[in-house]
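Coordinates in review
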Amino acid sequence: MTQKIYEGRVVTKSVPKKDALSLAMGKPMYTDDKDFKDLVHVKMLYSPHAHAIIEEIDTSEAEKLLGVVGVLSYKNSSQVLHTSAGQGFPEPSPYDTRLFNKKVRYVGDRVAAVAAESVKIAESALKLIKVKYTVLGAIFDHDSALGNEIIIHDEEDSKYIIPVFFDPKKNHASHVDAEIGDLEKGFAEADYIVEKTVRNHYGQHTPLEPHISIAYIDNYDRLVVRTATQVPFHCRRILAQILEIPLAQIRVIKPRIGGGFGTKQEIITEPIAASFAWKLKRPVKYEFTRKEEFISARTRHPMTTLFKAGVKKDGTITAMDMKVTSNTGAYGSHALTVLSNTGSKTLPLYHCENIRFVGDTVYTNLPVGGAYRGYGGTQASLAMEIVMDDLAREIGMDPAKFRLMNHIKAGESSPIFKALGEGTEGVEQTVDSVGLTECINQGADAINWWNREEIKKKNSTDKVKRGFGLVCIMQGSSIPDIDMAAGYCKMNEDGTFNLLVGATDIGTGSDTILAQIFAEGLGIDASDVIVLSSDTDTTPFDKGAYASSTTYLTGQACVNLALKVKEQLYDYTAKVLNVPKDELTLEGKAVVHKKSGKQMTFADIGTKSYYSENQTQIGAVASELSKKSPPPFTAHYAEVDIDIETGRVTVLNYVAAVDCGTPINPKLVVGQVEGALVNGLCYALSEQYIFNDKGKMMNPSFGNYKIMTTIDLPEIETIIVPTFEPSGPWGAKSVAEVNISGPMPVLSNAIFDATGVRITEPPYTPDRVLKAIQDHK
């Protein structure tokens, strides 16, 4: 089937990123780059215990210390129950959190905060706070949390504000299940059945810029929060809730962000800084250290996934059964929605008439899970793609041909789309753009997949074994019928446009992408579009940077804007030139009446509409609420060497072939793909939380928590496979998340191909790989 491809004038072109030069020159653009007079600094006292009751807390000595201006604890702070998850309202995460609590639930939970004239004074004051704890039993294994006699959330008022399952007295934060067809019949029809239990680990986003917020009171006695957030509008709403002040009293500004990846979808530092600022009437800064970022920010949810599937000898998948236990840590941020995504962002990928999904999220006394790029799809893809590889091997079929045979095709659907939404019921949808066949074939050619046995034979030795791996991954684009995005634009007298969007550029280049999308609709250049984003006072609403939504959802709002403005330009020109509107066209930054040869340039229209003729402001407001979530698709290939004497995994070549619909800006697409790959490779190979037997993280630093640098990277080749998504802006869909989910399973498959050893618990560190090889022998 030939796919429609869109070739644009502005979109599909690698125009320069709006902020590239300013960032390269080190201009002050981040939260901490603005100076404030009389700035107050905040430091936090954290729990040394994984589970305890605060019997007594005495902050009097700290308060007496010269330079201390305030101390907060559960005794004098807001006790409004809320979720820190920055999601749409009503939030699909449990209200189980207070700013400070009499009970602490993990090592790193908040106990008290000190505001002082300097960081040094605040740190000194922390040492003067006296706390008496009653230490409780703790749960560190999520597989034993459900129904455990230790109850982590025994308070009576924790709740969801949507009608979903919640049983905190059994440490049960969420439950999701769905069944399609007849599972028992499906397994009975199978010639082979493969079952694997797979466990993924804790991981941290490690943004270069840690969480930071600066709160102050403006000249109109309003609270202004300048913060590194992915969700300024959700942040404003949750701050109003916690502080119990009118939403109109709060303004949230998002400057440039030094990385988010999901962790800044959480409202963590903002309420503390805002509470002090509202009380002291002084500017207040609360900034995480790297250690705090590891322990007290958010993490990827560790999960145990049991995946069982059946296959006929001809390659037909007869049944798929996935059971997931997810560890949300001490609080239930994103507990339900990440769990739901483990099914909804994986199971539709392959044809199967008999599917069951059962998922449970549990509380433990460990760091808190949250939003992280991949958002459940990463964890589940590890299990599913290992099993798919093993099914292909059981029937003697090439893993690439097996996937070519079974993957979902354009025009098809899956009942899983309807059964599993983002925590609630999903939507029925067909998949209208699928370039996965091309991704598999082009990726295979790029890495010499069809000749891999010859390459393995030539390059393997007694000590080092060569192997190849393949996986296919899908994700989504926005949350249908839930999240909305909007934009506003106005024409200037020189024919340029201001584009104001609530969308949050977190380094992804969305300001540039949205300018291109808007410009395409008017036949202007991206440089003719001046973008202002992410200020709750001056920009329209946008749900924020998450769920792979900005290009697809906010982009379509920008298409809608351009169409509205186009009509206004036609109306204005028709009046001024006295010609029929339906005979006008846009051409070269002008409105042209071809019959008469008359035209008005955009600069003419801008100047006259301001000053001299039929004066009016040309501009528009438009929004978009998506009705579907079209998946991007990708095929990943890896070529590796395994040293069987040391267990060292060396990734030699990595190929990612990606279908993101129309690539709005190809260079930025490649940046997103390769950024996700590096993110995923680190997680697969080296990242891990090391806890002691008391639940304390022992390696909260870059010295001991290993992430890749440039010299660690393999050769990476990105192949863009254009398709056309009819529901997306100029045919585009998402790209930012899907590629992070490939490295874990593709490396497991490559290690197996090289050694015959199946590793189902990353990271694939040398010691772990070596032990697996020795155990296998």
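**Description of the environment of V640**
- By secondary structure assignment, the location of V640 is in strand β26 (residues 633–643).
- Taking relative accessible area as the criterion, V640 reaches 0% and is therefore assigned buried.
- Spatially, the C-alpha atom of V640 lies 15 Å from that of P763, the residues being 123 residues apart in sequence.
- Those residues in contact with V640 that lie beyond four places of it in its chain are K465, R466, G467, T650, V651, L652, L747, A750 and I751.

**Examining helix α15 (residues 550–577)**
- In this model, α15 (28 residues) spans 39 Å end to end at C-alpha, consistent with the 40 Å of a helix rising 1.5 Å per residue.
- Downstream of α15 by one or two residues, N578 has phi in the positive range, about 55°.

**A word on the packing of aromatic side chains**
- By the definition in use, this model includes 16 aromatic pairs.
- For the pair Y202 and Y689, a centre-to-centre distance of 5.3 Å together with 25° between the ring planes defines the contact as stacked. Of the two residues, Y202 is situated in the loop between β8 (192–200) and β9 (212–217) and Y689 in the loop between α17 (666–685) and β28 (715–720); the sequence distance between them amounts to 487 residues.
- Here Y202 falls in the buried class, since its relative accessible area comes to 6%.
- Their ring planes at 80° and their centres at 5.9 Å tell us that F294 and F702 sit as a pair that is edge-to-face. Of the two residues, F294 sits in helix α7 (residues 290–296) while F702 sits in the loop between α17 and β28, which places them 408 residues apart along the sequence.
- Its end group placed over the ring of Y683, R300 keeps NZ or CZ at 5.3 Å from the ring centre.
- The lysine or arginine in question, R758, covers the ring of F752, its NZ or CZ lying 4.7 Å from the ring centre.

**Topic: the environment of F602**
- If you trace the backbone, F602 turns up in helix α16 (residues 602–611).
- Along the chain, F602 and S534 lie 68 residues apart, while their C-alpha atoms are 27 Å from each other.
- Ignoring any residue separated from it by four or fewer positions in sequence, one finds F602 in contact with M491, G495, F497, L522, I524, L569, L586, K589, A590 and V591.

**Points about the pattern of salt bridges**
- Under the defined criterion, the tally for this structure stands at 45 salt bridges.
- Two residues, R105 and E155, come together in a salt bridge whose shortest N-O distance is 2.9 Å. Taken together, the residues R105 in the loop between β4 (103–104) and β5 (110–116) and E155 in the loop between β6 (130–135) and β7 (172–180) connect sequence positions 50 residues apart. Across this residue pair, the class does not change: R105 and E155 are buried.
- Among the ionic pairs, D481 bridges to K627, the shortest N-O distance being 2.9 Å. Separated by 146 residues along the polypeptide, D481 in the loop between β18 (464–474) and β19 (484–491) and K627 in the loop between β25 (619–625) and β26 bring together distant segments of the chain.
- Under the relative-accessibility criterion, K627 is labelled exposed at 56%.
- One connected set of salt bridges, linked through shared partners, spans E385, D389, R393, R403, E453, K456 and D753.

**A look at the side chain of H82**
- Here H82 shows up in the loop between β3 (68–72) and β4.
- At a separation of 3.0 Å, a polar atom in the side chain of H82 contacts the main-chain carbonyl oxygen of V80.
- Those residues in contact with H82 that sit more than four places away from it in its chain are P94, Y95, D96, T97, R98, L99, Q241 and I242.

**A few points about helix α6 (residues 269–280)**
- Taking 1.5 Å per residue as the helical rise, α6 with its 12 residues ought to reach 16 Å, and the 17 Å between its terminal C-alpha atoms agrees with that figure.
- Where α6 is concerned, the buried positions are T269, E270, P271, I272, A273, A274, S275, F276 and A277.
- Of the residues trailing α6, K281 is marked for its positive phi of about 60°.

**Considerations on the sheet that holds β5**
- On the basis of which strands lie adjacent, the open sheet formed by 7 strands has the order β3-β5-β1-β12-β9-β10-β11 and mixed pairing. In this open sheet, the two strands that pair with only one neighbour each are β3 and β11 (250–253). With direction set aside, neighbouring strand axes in the sheet form an average angle of 20°.
- Pairing of strand β10 (residues 223–227) with β11 involves 4 bridges; the strand directions are parallel. Bridged to L223 within β11 is I250.
- Packing of helix α3 (residues 119–126) onto the sheet brings it into contact with β1 (40–46), β3 and β5, and relative to β1 it is tilted by some 30°.
- Each of β1, β3, β5, β9, β10 and β12 (284–287) touches α6; the most contacted strand, β9, lies at about 20° to it.

**A look at the side chain of T755**
- For T755, the position within the fold is in helix α18 (residues 743–755).
- Of the polar contacts made by the side chain of T755, one reaches the backbone oxygen of I751; its length is 2.7 Å.
- Excluding anything up to four places from it in sequence, T755 contacts I642, I644 and I773.

**Some points on unusual backbone geometry**
- Between F89 and the following residue, P90, the backbone shows a cis peptide bond with an omega angle of 0°.
- Within the element layout of this structure, P90 appears in the loop between β3 and β4.
- The residue after P762, namely P763, is reached through a cis peptide bond having omega 10°.
- Following the sequence through the fold, P763 ends up in the loop between α18 and α19 (766–776).
- The phi angle at H334 is positive, at roughly 60°, despite the residue not being glycine.

Cut-offs applied
Residues numbered from 1 in each chain as written. Predicted model: local features only at pLDDT ≥ 70, side-chain atom pairs only at ≥ 80, totals over all residues. Heavy atoms only, no water. Helix = DSSP H or I, 4+ residues; strand = E, 2+ residues; numbered from the N terminus. Buried < 20%, exposed > 50% of the residue type's maximum accessible area, 1.4 Å probe, protein only. Contact = heavy atoms within 4.5 Å. Expected span 1.5 Å × (residues − 1). Phe/Tyr/Trp six-rings, centres within 6.5 Å; stacked < 30°, edge-to-face > 60°. Lys NZ or Arg CZ within 6 Å of the ring centre and 35° of its normal. Salt bridge = Lys/Arg side-chain N within 4 Å of Asp/Glu carboxyl O. Polar contact = N/O pair within 3.5 Å; in protein donor to acceptor, adjacent residues only side chain to side chain. Pairing = 2+ DSSP bridges. Axes fitted to C-alpha atoms, helices over the stretch in contact; angles between N-to-C directions.

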